[in-house]
Amino acid sequence: MKLDESAHGVYSIAVTPFHPDGRLDLASVDRMTDFYVGCGATGLTILGILGEAPKLSEEESLAVTKAVVSRAGVPVIVGVSAPGFAAMRSLAHGAMERGAAGVMIAPPAHLRTDDQIITYYAQAIEAIGADIPFVIQDCPLTLTVIMTPKVIRQIVQNHPSCVMLKHEDWPGLEKISAMRGFEKDGSMKHISILTGNGGLFLDFEMERGADGAMTGYAFPEMLVDVVRLSKAGERDKAHDLFDAHLPLVRYEQQQGVGLAVRKYVLQKRGAIASDAQRKPGSSLTAAARAEVDYLLARLARHDPRARF
């Protein structure tokens, strides 16, 4: 089940469940996997930025990978970004040996020039091997690395194993149009484009040519429905559903507490046993929890899936 450029739909960015004392909660990993697949996820992406990947040992990362892959029944992408290529290679090979569909690589924050970015990806692929399908993670708001459409095109053209762009630029609608324009004029091969940012711009990203979403909003079934409705040409229905969820999507986008909000809602939905993060991590105050509960109550008036 190797990843290729035909990937589409919703690849849910999964959280990593922990017990309140910080131990990895593998029972909740199973429950969480069932939850995402039950919501209609086309695939899963684990050990990403909001998966608290840097807080896990390699042994723990591979344990999570094995648990998710063995249960999901859908393609699983594993984040393998690491400070050095030895660690990246080890995790990438370990993940693929356990049945992952592909890996995701984010550029390190110190990259500043186009040549540095292109060279970094060349060295990364040399390290993990050209036979492993990989995803470019383009998230300048968090990673502080600016990748222009031409730089992404060069990486895609240089590496046949590059099959997907995780697009999280902001503003980024014109970048999607530019990438699809390269495909139309024949200067770049076709790749899958899945978008992130908590789904904040998904309604228009689909209209610009995205194949779906790769993000972790606490109601992945909304993302699934918006993608489906958009592809069916039911624009107003897609936007109406998206608009109903937008206040909670926005609240979840707050820097520093977004993961805490997401885990809190996922716990309330029964997807994980605890909303704990491994230290260092954030938590919600009583006031913030009350605000989230208020947003959920308002959402339930329009979407009964928020009534629980």
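Per chain, residue numbering runs from 1 following the sequence as it is written. Where totals are concerned, whole chains, interfaces and linings use all residues; where local detail is concerned, this predicted model gives features only for residues with pLDDT of at least 70, and gives and counts side-chain atom pairs only at 80 or more. The side-chain quantities take in all heavy atoms of the structure and omit both hydrogens and water.

J.: Is there a simple way to explain the overall build of the protein chain in this structure?
T.: Helix and strand content of the protein chain: twelve helices and eight strands. When we talk radius of gyration, it's over C-alpha atoms, and the globule rule is simply 2.2 Å times the number of residues to the 0.38. Against the compact-globule benchmark of 19 Å for 308 residues, the protein chain has a radius of gyration of 18 Å, which places it among compact chains. Each residue is assigned to one of three classes by its accessible area relative to the maximum for its type, calculated with a 1.4 Å probe on protein chains only: buried under 20%, partly exposed between the two thresholds, exposed over 50%. Every one of the 308 residues in the protein chain was classed for burial, and the buried ones make up 57%. Counting only contacts in the protein chain whose residues sit at least 6 apart along the sequence, the fraction spanning at least 24 positions is 72%. Only the protein chains shown count as cover for residues, and all accessible areas are computed by the Shrake-Rupley method using a 1.4 Å probe. Just so you have it, the protein chain exposes about 12,800 Å², and 54% of that area is on carbon and sulfur atoms. If you average the places of the 33 positive and of the 36 negative side-chain charges in the protein chain, the two averages end up 3 Å apart. Each helix is a run of DSSP H or I of at least 4 residues and each strand a run of E of at least 2, with the numbering of both proceeding from the N terminus. The contact definition used throughout considers only heavy atoms, calling two residues in contact when any of these lie within 4.5 Å. Positive charge is attributed to Lys and Arg, negative charge to Asp and Glu, and no charge count is given to His or to the chain ends. By convention, charge coordinates are those of NZ in Lys, CZ in Arg, CG in Asp, or CD in Glu.

J.: Can you help me understand the environment of Ala72 in this one?
T.: Tracing the sequence through the fold places Ala72 in helix H2 (residues 58-72). The spatial distance from the C-alpha of Ala72 to the C-alpha of Leu44 is 8.0 Å, given a sequence separation of 28 residues. With residues up to four places along the chain from it excluded, the contact list for Ala72 reads Thr33, Val37 and Leu44.

J.: What is the right way to look at the packing of aromatic side chains in this model?
T.: The geometry of an aromatic ring pair comes down to the distance between the two centres and the angle between the two planes. Pairing of aromatic side chains here covers Phe, Tyr and the six-membered ring of Trp, requires ring centres within 6.5 Å, and sorts the geometry by plane angle: under 30 degrees stacked, over 60 edge-to-face, intermediate tilted. Under the defined criterion, the tally for this structure stands at seven aromatic pairs. Note on Trp170 and Phe201: the rings are 5.2 Å apart at their centroids and 70 degrees apart in plane angle, and the pair reads as edge-to-face. Taken together, the residues Trp170 in the loop between strand E6 (162-167) and helix H7 (173-184) and Phe201 in the loop between strand E7 (192-195) and helix H8 (202-208) connect sequence positions 31 residues apart. Under the relative-accessibility criterion, Trp170 is labelled partly exposed at 36%.

J.: Looking at this structure, I do not really get helix H11 (residues 258-268). What am I missing?
T.: In an α-helix, one full turn covers 3.6 residues, which means residues spaced three or four apart are oriented alike. When you tally the buried positions in H11, you get nine out of eleven residues, the bulk of the element. Buried within H11 are the following residues: Gly258, Leu259, Ala260, Val261, Arg262, Lys263, Tyr264, Val265 and Leu266. If you follow the buried residues of H11, they end up packed against helix H1 (26-38), helix H10 (235-252) and helix H12 (286-300).

J.: Before we go on, may I ask you to explain the packing of helix H3 (residues 85-97) against helix H4 (residues 114-128) in this structure?
T.: Axis angle and axis distance: for two packed helices, these are the angle between their axes and the distance between the axes, and together they describe the pair. Note on method: axes are straight lines fitted to C-alpha atoms, helices fitted across the in-contact stretch only, with angles between N-to-C directions ranging 0 to 180 degrees. Direction vectors running N to C along H3 and H4 enclose 50 degrees, while the axes themselves pass 8 Å from each other. The orientation of H3 relative to H4 falls into the category oblique. The chirality of how H3 crosses H4 is right-handed. Contacts from Phe85, Met88, Arg89, Ala92 and His93 in H3 reach Tyr120, Gln123, Ala124, Ala127 and Ile128 in H4. Throughout this description, any angle smaller than 35 degrees is read as roughly parallel, any larger than 145 degrees as roughly antiparallel, any in the 65 to 115 degree range as roughly perpendicular, and the remainder as oblique. Should the near helix be turned anticlockwise from the far one by less than a right angle, the crossing is termed left-handed; should it be turned clockwise, right-handed.

J.: Got a minute to help me understand the packing of H1 against H2 in this structure?
T.: Contact geometry for H1 and H2: axes closest at 9 Å, N-to-C directions at 40 degrees. Here H2 runs oblique to H1, going by the angle between their axes. In this structure, H1 crosses over H2, and the sense of that crossing is right-handed. In this structure, H1 contributes Leu26, Val29, Asp30, Thr33, Asp34 and Val37 to the contact, and H2 contributes Ala63, Ala67, Val68, Arg71 and Ala72. Three categories are distinguished: nonpolar for Ala, Val, Leu, Ile, Met, Phe, Trp, Tyr, Cys and Pro, charged for Asp, Glu, Lys and Arg, and polar for the others, with Gly belonging to the last. Of the residues belonging to the contact of H1 with H2, the class tally is seven nonpolar, one polar and three charged.

J.: When you look at the nonpolar core in this model, what are you seeing that I'm missing?
T.: Formed by 95 residues in total, the largest nonpolar core has its most connected members in Ile105, Ile136 and Phe219. Filtering out sequence-adjacent residues up to four positions away, Phe219 remains in contact with His245, Leu248, Val265, Arg269, Leu296, Leu299, Arg305, Ala306 and Phe308. By nonpolar core we mean a set of buried residues, namely Ala, Val, Leu, Ile, Met, Phe, Trp, Tyr and Cys, connected to one another through side-chain atoms within 4.5 Å. Residues Ala7, Ala101, Met104 and Val163 belong to the second largest nonpolar core, which totals twelve residues.

J.: What is the right way to read the pairing of E6 from this model?
T.: Note on strand geometry: in a regular strand, side chains alternate between the two faces of the sheet. For E6, a buried count of six out of six residues is recorded, marking the element as mostly surrounded by other parts of the structure. Strands pair, by our definition, only if DSSP identifies at least two bridges between them. Pairing geometry for strand E5 (residues 134-138) and E6, over five bridges, is parallel. The partner of Ile136 across the bridge, within E6, is Leu165. Taken together, E6, H7 and E7 form a β-α-β motif whose crossover is right-handed. For the handedness criterion, the strands are oriented away from the viewer, and a crossover whose path from the first strand over the helix to the second runs clockwise is classed as right-handed.

J.: Would you mind going over the sheet that holds E6 with me for this structure?
T.: Adjacent strands of a sheet pair through backbone hydrogen bonds, lying either parallel or antiparallel. Spatial ordering of the closed barrel is given by E1-E2-E3-E4-E5-E6-E7-E8, a layout of eight strands whose pairing is parallel. Taken together, the two bridges between E7 and strand E8 (residues 212-213) define a ladder with parallel strand orientation. Bridging from a neighbouring strand, Thr195 pairs with Ala213 of E8. The strands touched by H4 are strand E4 (102-105) and E5; relative to E4, the strand with the most contacts, the crossing angle is about 150 degrees. Where helix H6 (residues 149-158) meets the sheet, it contacts E5 and E6, and its direction lies at approximately 170 degrees from that of E5.

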